[in-house]
Amino acid sequence: MNNEQDFIQQLASPKTRELAFKELLKLYKERLYWHIRHMVKSHDDADDVLQNTFIKVYKNIHNFKGDSKLYSWMYRIATNESITHINKNAKHLNLNNEETHQLMVNNLKADVYFESDAIQLKLQQAIATLPQKQQQVFNMKYFQDIKYKDMSDILETSEGALKASYHIAVKKIEAILTQD
């Protein structure tokens with residue numbers, strides 16, 4: 001794979017699509033899984049959303065215009081799929097956004113795939129109190145160390161707004177974690 005343009009052409013071409021898509025999965029599956037997992041919290045939900053994300057990528061690769069990097073485009077799809085999943089669950093359970101995130105964090109205790117300690121659980125509980133956009137920015141920066149420039153492409157928000165959002169999120173989380 002010389003460059004991204006060639007790879008995108010391989011993904012769009014019926015002759016090379018299957019092999020290129022296997023390569024795409026190998027390159028991005030784990031990174032996208034963790035991006036989604038930080039949003040939806042549950043392993044099973046993350047797997048479902050990841051599958052939906054790759055189905056959308058597969059079906060819509062011909063619509064990719066190349067205005068951003070391929071992974072930024074896929075992260076945007078994953079982010080939107082995660083938000084759709086969260087909103088669908090909230091609507092189904094008749095909960096608001098904060099209640100939904102609190103429920104997801106509370107369910108982490110029962111998630112056999114959540115391997116962490118009390119501190120990590122408390123951090124997740126603190127993150128759940130943030131507005132959705134601040135949660136996204138915090139998770140992307142803190143857990144995935146995504147650069148603001150790339151985050152800007154993914155979330156379609158200015159770098160300055162993202163930096164401010166992250167700073168506010170950190171202050172709120174610090175306040176919650178130092179309460180006790």
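Everything discussed here concerns the structure shown above.
Description of the structure in this document.

Rules of the game
The residue count restarts for each chain, going from 1 along the sequence in the order it is written. Confidence filtering applies because this is a predicted model: local features only for residues at pLDDT of at least 70, side-chain atom pairs given and counted only at 80 or more, and all residues used for totals across whole chains, interfaces and linings. In computing side-chain values, all of the structure's heavy atoms are included and hydrogens and water are not. Working definition: rings of Phe, Tyr and Trp (its six-membered ring) pair if their centres are within 6.5 Å, and the pair is stacked with planes under 30 degrees apart, edge-to-face with planes over 60 apart, and tilted otherwise. What counts as a helix is a DSSP run of H or I of at least four residues, what counts as a strand is a run of E of at least two, and both are numbered from the N terminus. Ring-over charges, as used throughout, are those where CZ of Arg or NZ of Lys falls within 6 Å of the ring centre and within 35 degrees of the ring normal. Only protein chains enter the accessibility calculation, which uses a 1.4 Å probe; a residue whose area is less than 20% of its type maximum is buried, one above 50% is exposed, and one in between is partly exposed. Whether two residues are in contact is decided by their heavy atoms, any of which lying within 4.5 Å being enough.

1. Things to note about the packing of aromatic side chains
Argument step 1. Scanning the entire structure with this criterion turns up 10 aromatic pairs.
Argument step 2. Between Y33 and W34 the ring centres are 5.0 Å apart and the planes differ by 85°, which places this aromatic pair in the edge-to-face class.
Argument step 3. On the numbers, 5.7 Å between centres and 80° between planes, the contact of Y71 with Y75 is edge-to-face. Of this pair, Y71 and Y75 are both found in helix α4 (residues 70–93), 4 residues apart, which corresponds to roughly one turn of the helix.
Argument step 4. In this structure an aromatic cluster arises from ring pairing among F138, Y142, F143, Y148 and Y166.
Argument step 5. Its end group placed over the ring of Y58, R17 keeps NZ or CZ at 4.0 Å from the ring centre.
Argument step 6. The lysine or arginine in question, R31, covers the ring of Y71, its NZ or CZ lying 5.1 Å from the ring centre.

2. Describing the environment of K69
Argument step 1. With respect to the element layout, K69 can be found in the loop between α3 (43–60) and α4.
Argument step 2. By relative accessible area, which is 43% here, K69 ends up partly exposed.
Argument step 3. Separated by 64 residues in the primary sequence, K69 and Q5 have C-alpha atoms spaced 9.7 Å apart.
Argument step 4. K69 has contacts with E4, F64 and D150, leaving out every residue within four places of it along the chain.

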